[in-house]
Amino acid sequence: MPQLNLPNADRSITPYVLKGDPIPFVKFKASDFPRIAYSAAHVVADPLAVVDPWLTPAIDWDTTLKFRHRMWDLGLGVAEAMDTAQRGMGLTWTEAQELIRRSQVEARSRSDSLIAYGAGTDHLAPGPDVTIDDILRAYDEQVDFVEGQGGRVILMASRALAAAAKSPDDYARVYGHVLSQVKQPVIMHWLGEMFDPALLGYWGKGTHDEAMDVCLDVIAAHADKVDGIKISLLSAEKEIDMRRRLPSQVKMYTGDDFNYAELIAGDDQGFSHALLGIFDAIAPAASAGLAALGRGNTNEFFDILEPTVPLSRHIFAAPTRFYKTGVVFLAYLNGLQDHFQMVGGQQSTRSVQHFAELFRLADKARVLADPELATSRMKAFLAVNGVSA
């Protein structure tokens, strides 16, 4: 097996021999799975564009779209233009519109594509002069665009609303307005403050339990317009509590990148579907695990997915909003893009030690598709950072 030198937490450098037997890439259809599973997909930057990356996003469209086809080939859906795609964190609404247009064209080119698109208010900067009416217009613009392309909406949380709302009534007014007008049921997304600090206090309440009551009231009032809700609070207990309180026709989509295996497997009172950023990074494992669950082999499901959980917890470690960097680094190691550059220069948000541990955990999780290639690329990355092979 390949070997390389990796730095340790105490600053020592020791040899590491890869152990993993990579999970093979096997094509499936979404109908092979007993759960609906969306992968929130990243965008691939164009490192050769003549731009200042912190100021002007540049996207390699061909590689970005090829990655979407890879998800579909594995039977996974694509949650497009979400926070994994650096939405509001390097990717502006202008680029998101182009991403949505192009992805919808690709989705229409095949019969087995499952896709939905983020719509929010990120083109409206929060500020003291922003009113609830401004927020309504901003949501309308993005929802109208997605539906105008023929897409299904994932209703994203709004930084502007979090800043402008004076009470839960403002949230009820905004969500009631949007949900009353959508053409088909949406997936709502409650993104926790660990993913985006600007969303602290969302739903107008100080605790998640109180906020959940407000959110459930909104869903109950418009249940016919809500396909499901994705919550990203990194708490299995809170997700299960909310899942059991949802109207019977409304799905729970886990956004818990710490506890997804147990939540997808479920219990005697229900289960969660999936809409996860980590599925971008571990797509063959996610696909194989879901297929095993579809065959009724729960033990195999856990055998495949449980080793990926330590990797996911590492990638999504605080500050959780930097998780995209680990996702893209793993795509680079796996040969899914030719470089480790990111929109907004966000490849710099994690340390060399973080990437070294990511490499070890990815090997143990069997998600380094080609160990020789991954080792070669890791050695090159480490060399640039002063660690000899």
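Here goes a summary of the coordinates provided. (Residues numbered from 1 in each chain as written. Predicted model: local features only at pLDDT ≥ 70, side-chain atom pairs only at ≥ 80, totals over all residues. Heavy atoms only, no water.)

Considerations on the nonpolar core
(1) Moving on: If you look at the biggest cluster of nonpolar residues, it comprises 128 residues, and the most contacted ones within it are Met188, Tyr202, Trp203 and Phe279.
(2) Moving on: If you tally residues by element for this core, the top one is helix H3 (residues 132–148), at 8 residues.
(3) Moving on: Among all residues touching Trp203, those that are not within four sequence positions of it are Pro168, Tyr171, Tyr175, Met188, Trp190, Ala211, Val214, Cys215 and Val218.
(4) Moving on: In terms of nonpolar packing, the next biggest core, distinct from the first, is built from 10 residues, Tyr38, Ile154, Tyr253 and Leu275 among them. (Core = buried A, V, L, I, M, F, W, Y, C linked by side-chain atoms within 4.5 Å. Buried < 20%, exposed > 50% of the residue type's maximum accessible area, 1.4 Å probe, protein only. Helix = DSSP H or I, 4+ residues; strand = E, 2+ residues; numbered from the N terminus. Contact = heavy atoms within 4.5 Å.)

Overview of the packing of H3 against helix H5 (residues 168–181)
When two helices pack together, their arrangement is given by the angle between their axes and by how far apart the axes lie.
(1) Moving on: Packing of H3 against H5 brings their axes to within 10 Å, and their N-to-C directions diverge by 30°. When the axes of H3 and H5 are compared, the pair comes out roughly parallel. The handedness of the crossing between H3 and H5 comes out as right-handed. Along the contact surface, H3 presents Ile132, Asp133, Ile135, Leu136, Tyr139, Asp140 and Val143, while H5 presents Asp170, Arg173, Val174, Tyr175, His177, Val178 and Gln181.
(2) Moving on: Here the contact of H3 with H5 is composed, by residue class, of 8 nonpolar, 2 polar and 4 charged. (Axes fitted to C-alpha atoms, helices over the stretch in contact; angles between N-to-C directions. Parallel < 35°, antiparallel > 145°, perpendicular 65-115°, else oblique. Left-handed = near helix turned anticlockwise from the far one by under 90°. Nonpolar A, V, L, I, M, F, W, Y, C, P; charged D, E, K, R; others polar.)

A word on the environment of Ala81
(1) Moving on: Mapped onto the secondary structure, Ala81 falls in the loop between strand E4 (77–80) and helix H2 (93–108).
(2) Moving on: Residue Ala81 is classed as buried on the basis of its relative accessible area of 0%.
(3) Moving on: For the pair Ala81 and Leu275, spaced 194 residues apart in sequence, the C-alpha separation works out to 13 Å.
(4) Moving on: What Ala81 contacts, discounting residues up to four positions off in sequence, is Arg87, Ala96, Leu99, Ile100, Gly118 and Met156.

Regarding the sheet that holds strand E6 (residues 153–155)
(1) Moving on: Strand order in the closed barrel formed by 8 strands is E3-E4-E5-E6-E7-E8-E9-E10, and the pairing between neighbours is parallel. Ignoring strand direction, the axes of neighbouring strands in this sheet form an average angle of 30°.
(2) Moving on: Pairing of strand E3 (residues 37–40) with strand E10 (residues 273–276), which is carried by 3 bridges, proceeds in the parallel orientation. Directly across from Ser39, in E10, lies its bridge partner Leu276. (Pairing = 2+ DSSP bridges.)

Observations regarding the pairing of E4
(1) Moving on: Covered by surrounding structure in E4 are Gly77 and Ala79 together with Val78 and Glu80, the residues of both alternating faces.
(2) Moving on: With 3 bridges connecting them, E3 and E4 associate as parallel partners. Bridging across to E4, Ser39 finds its partner in Val78.
(3) Moving on: Of the crossover connections in this fold, the one passing from E3 over helix H1 (residues 61–73) to the parallel E4 is right-handed.
(4) Moving on: Chirality of the crossover, the property in question, places the unit of E4, H2 and strand E5 (residues 115–119) among those that are right-handed. (Right-handed = clockwise from strand over helix to strand, strands pointing away.)

Some thoughts on the environment of Ala49
(1) Moving on: Tracing the backbone shows Ala49 in the loop between E3 and H1.
(2) Moving on: With 148 residues separating them in the primary sequence, Ala49 and Pro197 have C-alpha atoms 31 Å apart.

Structural notes on the packing of aromatic side chains
(1) Moving on: For the structure on display, the rule yields 23 aromatic pairs.
(2) Moving on: Summarising the aromatic geometry, the rings of Trp93 and Phe145 are spaced 5.5 Å apart at their centres and angled 80° between planes, so their arrangement reads as edge-to-face. Of this pair, Trp93 sits in helix H2 while Phe145 is found in helix H3, placing the two residues 52 residues apart along the sequence. Phe145 shares its class with Trp93; the two are buried.
(3) Moving on: With a centroid separation of 5.7 Å and an interplanar angle of 40°, the aromatic rings of Tyr171 and Trp203 are classed as tilted. Of the two residues, Tyr171 is situated in helix H5 and Trp203 in the loop between strand E7 (186–191) and helix H6 (208–221); the sequence distance between them amounts to 32 residues. Across this residue pair, the class does not change: Tyr171 and Trp203 are buried.
(4) Moving on: Put simply, the rings of Tyr139, Tyr171, Tyr175, Trp190, Tyr202 and Trp203 touch in pairs and so form one group of aromatic residues.
(5) Moving on: Above the face of the Phe271 ring, Arg35 is positioned so that its terminal group lies 3.6 Å from the ring centre.
(6) Moving on: Over the ring of Phe322 we find Arg321, and its NZ or CZ is 4.9 Å from the ring centre. (Phe/Tyr/Trp six-rings, centres within 6.5 Å; stacked < 30°, edge-to-face > 60°. Lys NZ or Arg CZ within 6 Å of the ring centre and 35° of its normal.)

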